[in-house]
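# Residue-level structure breakdown
What follows is the residue order along each chain.
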Amino acid sequence: MAEATSGAGVSESRARWKYLDNILHRPGPFTDEEWTPGEPQIETLSRAKILVIGAGGLGCEILKNLALSGFKDIHVIDMDTIDVSNLNRQFLFRHADVGKYKAEVAARFVEKRVKGVKITPYCGKIQDKDEEYYMQFALIVCGLDSIEARRWINATVVGMVDMQNPDSMKPLVDGGTEGLKGQARVIFPTMTSCIECQLDMHAPRAAVPLCTLATIPRQPQHCIEWAHIIAWEEERKDITLDSDDPEHITWLYQKALKRAQEFNIPGVTYSMTQGVVKNIIPAIASTNAIIAASCCNEVFKILTNTNPFLGYPGTDNYMMYTGDESIYTYTFEHMRKPDCPVCSEENLARPLQVDANSTLQEFLDGLAERPESQLKKPSIRSEEKSLYYQFPPDLEQQTRPNLMKKLSELLSDGEEVAITDPAFPLQFKYKLVFKKG
Amino acid sequence: MATDIPPPVQGPTAKERKYDRQLRLWGATGQMALENSHILLINSGPGVVGVETLKNLVLPGVGHFTIQDSAIVSEADLGVNFFLEEEHLGGYRAEHTCNLLKELNPDVEGHFVTEPIEAFIDEPDALQPYTLILVTAPIRPEILTILSEHASNALVPLFYIHSVGFYSHFSIHLPPAFPIVDTHPDPETTTRDIRLLKPWPELLQFARAKTEGLDTMDADDHGHIPYIALLLYFLEKWKEEHEGQPPLNYKEKTAFREMVAKAARSLEGGEENFDEAVAAVLKSLNDPEPSSAVKGLFKEPECLLVKQDSPAFWVIAHAVALFYQKHGVLPLPGSVPDMKARSKDYIELQNIYKAKARKDMAEVLESVRFLERTTMRETPIEERDVETFCKNAAHIKLVRGRPFHVVQAGEKVQWGDRAKSLAQSLAFPDSLLPLYIAFLAFDEFVATHNKNALGGAPKMPGEDHVEVDTEKVAGIAFKILTDLIAEGNTPLEEEDFSTVETKLGEYVKELVRAGGAELHNISAFTGGLVSQEVIKIITEQYIPVDNTCIFDGVRSKTAVIQV
Ligand SMILES: [Zn+2]
């Protein structure tokens, strides 16, 4: 009876898939000798459950591409609602959809356009779901704009791997864009380099020191950050800043402009204020199209074996793309890091150079900016004792005095520490090595 | 008090809100250029790559687009083209893809032509309305030749695109002189011209004032001297000890760097301005010599001989060349990197650079006006254009467009002046030139095969007979390969030749395997690349592909070659 209820399913006419079938039915010069063309591949396409994380610029493209690659059972997660500034690239949304959930609107649109595909939306956070949920998928594709969410899903899929059960290994295909640049990468958890191994390829921008904002601004951005971080706290701290509220942005803009005039700094604009406060990254349809298609091309090859794919252990797993000066891609094998806090078997502590004279507070603040850690709410313990805990409140209070102490008072040179952060389902081990001289 | 009244806020317009994320890349002028353009797509085959390209142009708000396509919507279209629905079966593909694309952006005007290409192109001035033309394979060589001639005569950019199975290619035929002023150099990898080795009096005066009594200065003052002033101060000292010469080579620069580093006061955490000075030594202590590309620009015939109707670009280029001849440097761009400094000092420094940049610009402008008078130019060049040119002078780029290959049945493919360098590149392990050759062979097959005996649509290899067609295409491809090697007069080592031959054979096999099919992913990818290049060309910003791009979706690699 399952046949009858699964809609079009396997039994539909293949006339629609004429082009795809040329590839599915014919071996090529690079297909494996053991590869069986035809029916088994069609079967895989119709049965494999694919999870798409993100229904934004990349997600819209990914859903379209997967549906037109012949996949039938697609799930999509996104917690966001549609904003007017999405319409220049997120082509499944119309003006009338502004305010609705992205995952829901995107799923309905692709289902309507491509007959026979089932798309199941979930409007919420990836953290709402547990391992059992993620275990049902054959593969996960990410089109996200946040590093935290990527690291979370990466740690989750690595943690799910059970060597006794080959089905527990979920390939992760990840795309990211910024302006005319982007990357597509494939991760086979525990077998190839993971997102945490690659974290230093995506270093965060250095923050402007507070003293510059407070006393010696030089750039229009400094004045905006001052309004954002200092003036708002001083004058409107009872109101939660909402960067989508035009009144709030206008207030910040006027504050910043006035400060800029005091210091003779030219260049503060409304648009720049919005950009700085919301940390806006330029985004266009063409880059999203390129990166999403590259991801989906790999997904298709991985599941149908119609050609070699990125991520096969010992081969290339990462494609870097830049489009501002001609077109340039660099496809290479990113190697696993033996001390990766997520995927290394031994769970080795990663060495971290620190200044013995800096305080614990300074060290913890620095963790947010270090390319290899990027932790925003860390709690830390040494082999001997708890050094600082963000919660529960009484432990926080108990450990707070340590924040002012120097590292050399709390730890010995080369001592291991374990750091946890509510954003990640794991602990990070570091070996703190004191800087010489 | 009047000064306390906050300035009136002009919030963003509805359009600025919708296009916010792209305006941050190409700005209002780029957007305007996009909105004033009219793109023609001449569609064929499965017809996906062109439509995917248009999708990425309609979304950011291209002015008009027109789709020429005489195909009727079939069941197979629904499995590969996102801009068609079941109810369109039996209708015109041009009409329905056009309508569904229009839904993406109400600001865009879409049109369609269902006439066959042969009839359409035969009408007088058929191509006249379009500012840029996209053509997808398969297409008859006669048609492609007409389009190529139009591109040459009307100076209209023309794209020729293949998307077949896991492979794709596109070539761009640009006008013979396509200059880009606003190239958006990457601020992280390009060094800013701050003229430390060619300071002018006002800058030197500033440096002296800020470093006076350096040794006895109080800690706070010492830690806030802008690093540009520090470097100029230490350069003066260095020159005194080195017969008036600045540090010239790597060894001397390292010694100079050491000298600056030693002068920092040893405080906890060091002095940030000294750290910045030390970090800038190797990058900034260079003669602001223009790149060979820019110097080459000054020697181009259009630059040397300015005429009454010369494009503004060449008149300004000539004026900048005169400036360079006289001063040995380009006009100062005028921007200063951020650095540790007191607000007042930084603004003062910024103003010194800006004032110098304005002075340089005024000199260039004066030459421009002089040229206008001597050549009896009718409309004056806008001051703003001169300003932008001066600001970007170091990064200006000139692309020399030329026609791409149009493969004619039974005729040898000619490689001209590029034969030698291309033949030499064949043996490079990452070369995708063999894939390009496979596409040329694909085109020759198309030129000689029809879907039915009465003509009709061109037939693509592998539609019915994979093995026979593979052999045919491989035969053509090997001939193109050996012809290229002969024309380039660079015989390969036997081993290299057989590697290239094997690679070419594999590409042909994989290409024919598709039987002319488009895979949606590959067409979406290629549509992304092509639309990006279209935007660069229309906005005259960033640097476009010169002139051919190839994508291998089996290995996920691209390559750009000049053919
Ligand atoms: Zn890892």
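Because the structure is a prediction, the values reported are computed rather than measured. (Residues numbered from 1 in each chain as written. Chains lettered and ligands numbered in written order. Predicted model: local features only at pLDDT ≥ 70, side-chain atom pairs only at ≥ 80, totals over all residues. Heavy atoms only, no water.)

Segmenting chain B into domains produces domain 1 (14-180 + 521-561), domain 2 (194-284), domain 3 (292-399) and domain 4 (416-515). One C-alpha centre belongs to domain 3 of chain B, the other to domain 4 of chain B, and the line joining them spans 47 Å. (Domains from an automatic or database assignment.)

Attention shifts here to the sheet that holds strand β12 (residues 415-420) of chain A. Residues and elements named next belong to chain A. If you trace the five strands from one edge of the open sheet to the other, you get β9-β13-β12-β10-β11, paired in mixed fashion. Every interior strand has two partners, whereas the edge strands, β9 (350-354) and β11 (386-388), have only one. Shown here is a sheet whose adjacent strand axes are inclined to one another by a mean of 35°, direction ignored. Across two bridges, strand β10 (residues 379-382) lies against β11 in antiparallel orientation. Paired with Arg381 across the strands is Ser386, a residue of β11. (Pairing = 2+ DSSP bridges. Helix = DSSP H or I, 4+ residues; strand = E, 2+ residues; numbered from the N terminus. Axes fitted to C-alpha atoms, helices over the stretch in contact; angles between N-to-C directions.)

For the rest of this paragraph, the subject is the layout of surface pockets. Approximately 720 Å³ is the volume found for the second largest pocket. Lining the second largest pocket are 34 residues; nearest its centre among them are B:Ser44, B:Gly45, B:Lys451, B:Ala457 and B:Pro458. Residue assignment for the lining of the second largest pocket shows that the elements contributing at least two residues are α2 (18-25) of chain A together with α4 (75-78), α6 (117-122) and β10 (455-458) of chain B. Taken together, the residues that form the lining of the second largest pocket break down as 15 nonpolar, 10 polar and nine charged. (1 Å grid on protein atoms, 1.4 Å probe; cavity = no way out; pocket = protein on both sides within 12 Å on 5 of 7 lines; lining within 4 Å. Points joined across faces, edges and corners; volume = space filled by probe spheres on them. Nonpolar A, V, L, I, M, F, W, Y, C, P; charged D, E, K, R; others polar.)

The next thing to look at is a negative patch on the surface. Together, A:Asp355, A:Glu362, A:Asp365 and A:Glu369 give the surface a local cluster of negative charge. Note on placement: A:Glu362 falls in helix α13 (residues 360-369). (Patch = residues over 30% accessible without salt bridge, like charges linked within 9 Å, V, L, I, M, F, W, Y side chains within 5 Å. Areas by Shrake-Rupley, 256 points an atom, 1.4 Å probe, with all protein chains shown as cover. Salt bridge = Lys/Arg side-chain N within 4 Å of Asp/Glu carboxyl O. Lys, Arg positive; Asp, Glu negative; His and termini not counted. Charge placed at Lys NZ, Arg CZ, Asp CG, Glu CD.)

To continue, consider the packing of aromatic side chains. Taken as a whole and assessed by the stated rule, the structure comprises 26 aromatic pairs over all chains. Centre to centre, the rings of B:Trp238 and B:Phe256 are 5.9 Å apart; their planes meet at 90°, and the pair counts as edge-to-face. With B:Trp238 in helix α10 (residues 227-241) and B:Phe256 in helix α11 (residues 250-262), this residue pair connects regions lying 18 residues apart in the sequence. The burial state of B:Trp238 is the same as that of B:Phe256; both residues are buried. Considering the side-chain rings of B:Phe313 and B:Trp314, the 5.0 Å spacing of their centres and the 85° angle between planes classify their relative orientation as edge-to-face. Feature note: the residues A:Phe91, A:Phe109, B:Phe82 and B:Phe83 constitute an aromatic cluster, connected by ring pairs. The lysine or arginine in question, B:Lys356, covers the ring of B:Trp200, its NZ or CZ lying 5.9 Å from the ring centre. (Phe/Tyr/Trp six-rings, centres within 6.5 Å; stacked < 30°, edge-to-face > 60°. Buried < 20%, exposed > 50% of the residue type's maximum accessible area, 1.4 Å probe, protein only. Lys NZ or Arg CZ within 6 Å of the ring centre and 35° of its normal.)

For the rest of this paragraph, the subject is the sheet that holds strand β12 (residues 557-561) of chain B. All names here are of chain B. Within the open sheet, the eight strands sit side by side as β3-β2-β1-β4-β5-β6-β11-β12. Their pairing is mixed. Each edge of the sheet is formed by a strand with only one pairing partner; in this case those strands are β3 (109-113) and β12. Direction aside, the axes of adjacent strands within the sheet are offset by 15° on average. Sheet analysis places strand β6 (residues 167-173) next to strand β11 (residues 548-552), joined by five bridges and oriented antiparallel. Each bridged residue has a counterpart across the sheet, and for Ser168 the counterpart in β11 is Phe551. Sitting on the sheet, helix α3 (residues 49-58) is in contact with β1 (38-42), β2 (64-68), β4 (132-136) and β5 (158-164), with an inclination near 165° to β1. (Contact = heavy atoms within 4.5 Å.)

Before going further, it helps to examine the interface of chain B and chain A. When the parts of a complex come together, some accessible area is lost, and that lost area is often used as the size of the interface. Each side of the interface is counted separately: chain B has 88 residues, and chain A has 88 residues. One can count 11 salt bridges joining chain B with chain A. In this structure, the salt-bridge partner of A:Glu61 is B:Lys55, at a minimum N-O distance of 2.4 Å. Seen at the junction of chain B and chain A, the total is 41 residue pairs in polar contact (both at pLDDT 80 or more). Per element, the largest residue contribution to the side of chain B that touches chain A is 11 residues, and it comes from helix α22 (residues 520-539) of chain B. Across the side of chain B that touches chain A, the residue classes break down as 41 nonpolar, 20 polar and 27 charged. (Polar contact = N/O pair within 3.5 Å; in protein donor to acceptor, adjacent residues only side chain to side chain.)

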